[in-house]
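Each chain is listed here by its residues.
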Amino acid sequence: MRELGVSTEVFPSETNPEKLRSARGLIISGGPHSVYDDASPHVDPLALQAGTPVLGICYGQQLLAQAMGGSVRKGDKGEFGLAILDLIEHDSRLFAGVRDHQQIWMSHRDVVEAPPAGFRLLASTSTCHTAAIEDPERRMYGVQFHPEVVHTAQGSRILENFVLDICGCAKDWNPGQRVKLVEEQIQRTVGDRNVFFFVSGGVDSTVAFTLCLRALGADRVRGVYVDTGLMRYGETEFVEITFANLGTGSVEIAHCEDQFLTALEHVREPELKRHIIGEQFVRVQERIIEDLGLLDDRWILGQGTIYPDTIESGGTAKAATIKTHHNRVPGIQKLIEAGRVVEPLADFYKDEVRAIGRELQLPRELLERHPFPGPGLAIRCLCAEADEPVTRVPEGWLMPVRSVGVQGDSRSYAPILAIDAFPSADSRLQDEATELVNRTANVNRVVARVTSREPLEKQHVYASSVTRGRIALLRETDRIVRDLTASSGFDADVWQFPVILIPVGAGESRDAVVLRPIQSVDGMTADSVSMPDELLSAMTARLMAIEEISGVYYDLTHKPPGTIEWE
Ligand code: XMP
């Protein structure tokens, strides 16, 4: 809504209808629940019947339909990813100026079976009959797809039709004032205290740090970089140079490799890894805070948390926890509750953070850096409980190493399907992968085998955990991939390019590399993208020159159903 220039406020679903009376329109968002779950969020029907225009999106459409007397049921199959919307009615104000057939983006299993009395069907997809409904008299609208994501080609037009035309909202939000408003907000939150940052060298924490510098002055803001031993090659040097150039004096470097790697020994479960890394961060932070004399109330912690981090960590009351972000572990949560944390970017998406960074005149090479997750290489170094063979299934080969995914807004944790097909740039294997995940039970990710020392039927998954050796191996493969990505210019075609190590192989070579180049706007959804064949061949040759590497695979999975990171 802000991108459209309209002010909005976010309220929990149970908000008293009285509080919503002055709104010009209501949008009920999507969510991971089924309207029939006991604990599913509901909206007071009085809020819906007050005459205010209502737009229900995804779960919101189902909730609206149910509240108005329609029915919702579990769909025969899920629909996760791109679909084509076919308009059935052509005179709806919601779809004014929208093409008859257009690309949209779906993420659901439940469907509206019968629209409530007074509603008419506006549009369908091949999988979802009730893709959009309306009751123009009562100005109630529902869409099963997500108009708010970039993959819905004319999503902004649909939202604009709702807020500007149907609700009659004025354009009263000016993004040019963003920096000033955030600075004022920092000054209010911090008061006369000082701010202390653990910087990562990433876009978010650097932009948040710079905003605090501007709002409070250099002598009230301090930064420490923690080398966890889980960072990429050359990262510490990059951070030193970046902060020296911000004119803040130097950022302090804390070397903590041993502490993190020791704590991770024998740990295999992704959420446990995240928790342990988070807890170690808190311990390091506490130690540093104490050592530097920042314990007293005059200092508070600054963080570069952005909006998607909060949503996917279950930070909004009803959103499912897909991955626990380390900015939200219990130690930090306590500081938040004590009012000792400032998060200037908590309301913004990544693209907005970059825009703010440009306004602050931060260097391009920093702003255009690919995002890198706080828990670092640990969540790209996959582990397995036991030795198990790779097995043949009708759709390909099942690798019993599990990765995290997101389906219908909930978390999944499932084995990998490998297919034996070279992912050449014109192969369109990504489309096939979407189909395969929708069709194959209990799989959330599909990889293509680029090459391997042994055929798939001879491969095993090996019991493994995060070790110094495996992290070093991953760091080296990541460095190779990054070098070639930069020198070939492929950098500009991807939003992020995780390199993952999976404990799959045969003989002495027991780890394989997975390439995961993706395109995205905000990290909330993503497309697996193809790379030029020559680049893939060059990369594969360099990676296979490492003896321990058993093979190279290519992740074909969009988000959803796979998340960008594997854990
Ligand atoms: P997923 O894997 O959830 O990732 O699709 C979405 C984006 O978030 C990044 N990510 C993280 N960033 N701490 C971070 O700072 C984390 O714990 C974390 N986990 C995921 C991920 O790299 C991608 O850009």
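Please refer to the structure placed before this passage.
Residues numbered from 1 in each chain as written. Predicted model: local features only at pLDDT ≥ 70, side-chain atom pairs only at ≥ 80, totals over all residues. Heavy atoms only, no water.

Here's the deal with the overall build of the chain
Definition in use: Numbering of helices and strands runs from the N terminus, with a helix taken as a DSSP run of H or I at least four residues long and a strand as a DSSP run of E at least two residues long. In this setup the radius of gyration rests on C-alpha atoms only. A globule is expected at 2.2 Å times the number of residues raised to 0.38. Note on exposure labels: buried denotes an accessible area under 20% of the residue type's maximum, exposed denotes more than 50%, and partly exposed covers the range between, all computed with a 1.4 Å probe on protein chains only. Throughout, a residue-residue contact means that at least one pair of heavy atoms, one from each residue, lies within 4.5 Å. Note that accessible areas follow from Shrake-Rupley with a 1.4 Å probe, and for residues the cover is restricted to the protein chains shown. His is not counted here, nor are the chain ends, while Lys and Arg score as positive and Asp and Glu score as negative. For this purpose, a charge sits on NZ of Lys, CZ of Arg, CG of Asp or CD of Glu.
Check the secondary structure of the chain and you find 16 helices and 24 strands. The C-alpha atoms of the chain give 24 Å as radius of gyration, which agrees with the globular expectation for 567 residues (24 Å, within 12%). Each of the three principal axes of the chain carries a C-alpha extent, and together these read 65 × 65 × 45 Å. Across the 567 residues of the chain, 56% fall into the buried class. Expressed as a percentage of contacts within the chain between residues at least 6 apart in sequence, the contacts between residues at least 24 apart total 75%. For the chain, the accessible surface area stands at approximately 23400 Å², while carbon and sulfur atoms represent 49% of it. Separation of charge centres in the chain, based on 58 positive and 81 negative side chains, amounts to 1 Å.

Section: the sheet that holds strand β2 (residues 54-57)
Stated formally: DSSP bridges decide pairing: two strands pair if at least two such bridges lie between them. Interaxial angle, 0 to 180 degrees, is taken between N-to-C directions of lines fitted to C-alpha atoms, where a helix line uses only the stretch in contact.
The strand order across the open sheet built from 7 strands is β1-β2-β7-β6-β5-β3-β4, with neighbouring strands paired in mixed fashion. A single partner strand is all that each edge strand has here, and the edge strands are β1 (26-28) and β4 (101-114). Within this sheet the neighbouring strands show an average axis-to-axis angle of 20 degrees, counted without direction. Taken together, the 2 bridges between strand β3 (residues 71-87) and strand β5 (residues 120-124) define a ladder with antiparallel strand orientation. Its bridge partner lying in β5, L87 is registered against A123. Against the sheet, helix α3 (residues 59-67) contacts β1, β2, β3, β4, β6 (132-135) and β7 (140-143), and its axis sits at roughly 125 degrees relative to β2.

Some points on the packing of helix α6 (residues 203-216) against helix α12 (residues 350-359)
The following threshold applies: Here is the rule for angles: anything less than 35 degrees is roughly parallel, anything more than 145 is roughly antiparallel, 65 through 115 is roughly perpendicular, and the remaining ranges are oblique. Crossings are classed by handedness, with left-handed meaning an anticlockwise turn of the near helix from the far one by less than a right angle and right-handed meaning a clockwise turn. When residue character is reported, Ala, Val, Leu, Ile, Met, Phe, Trp, Tyr, Cys and Pro are called nonpolar, Asp, Glu, Lys and Arg charged, and the others, Gly included, polar.
It is at 10 Å that the axes of α6 and α12 come closest, and there the two elements cross at 45 degrees. The orientation of α6 relative to α12 falls into the category oblique. When the axes of α6 and α12 are compared, the crossing they make is left-handed. Between α6 and α12, the contacting residues are V203, D204, V207 and L211 on the first element and K350, V353, R354, I356 and G357 on the second. A breakdown of the residues in the contact of α6 with α12 according to their chemical character gives 5 nonpolar, 1 polar and 3 charged.

Overview of unusual backbone geometry
Note that the residue after K559, namely P560, is joined by a cis bond; omega there is -15 degrees. Inspection of the secondary structure assignment puts P560 in the segment after β24 (549-555). Non-glycine residue H266 carries a positive phi angle of around 65 degrees. In this fold, H266 is placed in the loop between α8 (257-264) and α9 (270-291).

Observations concerning α6
This is how it is decided: Residue count minus one, scaled by 1.5 Å, sets the expected span of a helix.
For α6, spanning 14 residues, the distance from its first C-alpha to its last is 20 Å, which sits close to the expected 20 Å at 1.5 Å a residue. The first or second residue beyond α6 is G217, which carries a positive phi of 95 degrees.

Comments concerning the sheet that holds strand β17 (residues 445-452)
Strand order in this open sheet of 7 strands is β14-β15-β16-β17-β24-β21-β19, and the pairing throughout is mixed. Looking at strand neighbours, the two that pair on one side only are β14 (391-393) and β19 (499-502), the edges of this open sheet. Neighbour to neighbour, the strand axes of the sheet diverge by 40 degrees on average, direction disregarded. Strand contacts of helix α14 (residues 429-439): β15 (396-407), β16 (410-419), β17 and β24, with the helix running at about 130 degrees to β17, the strand carrying the most contacts.

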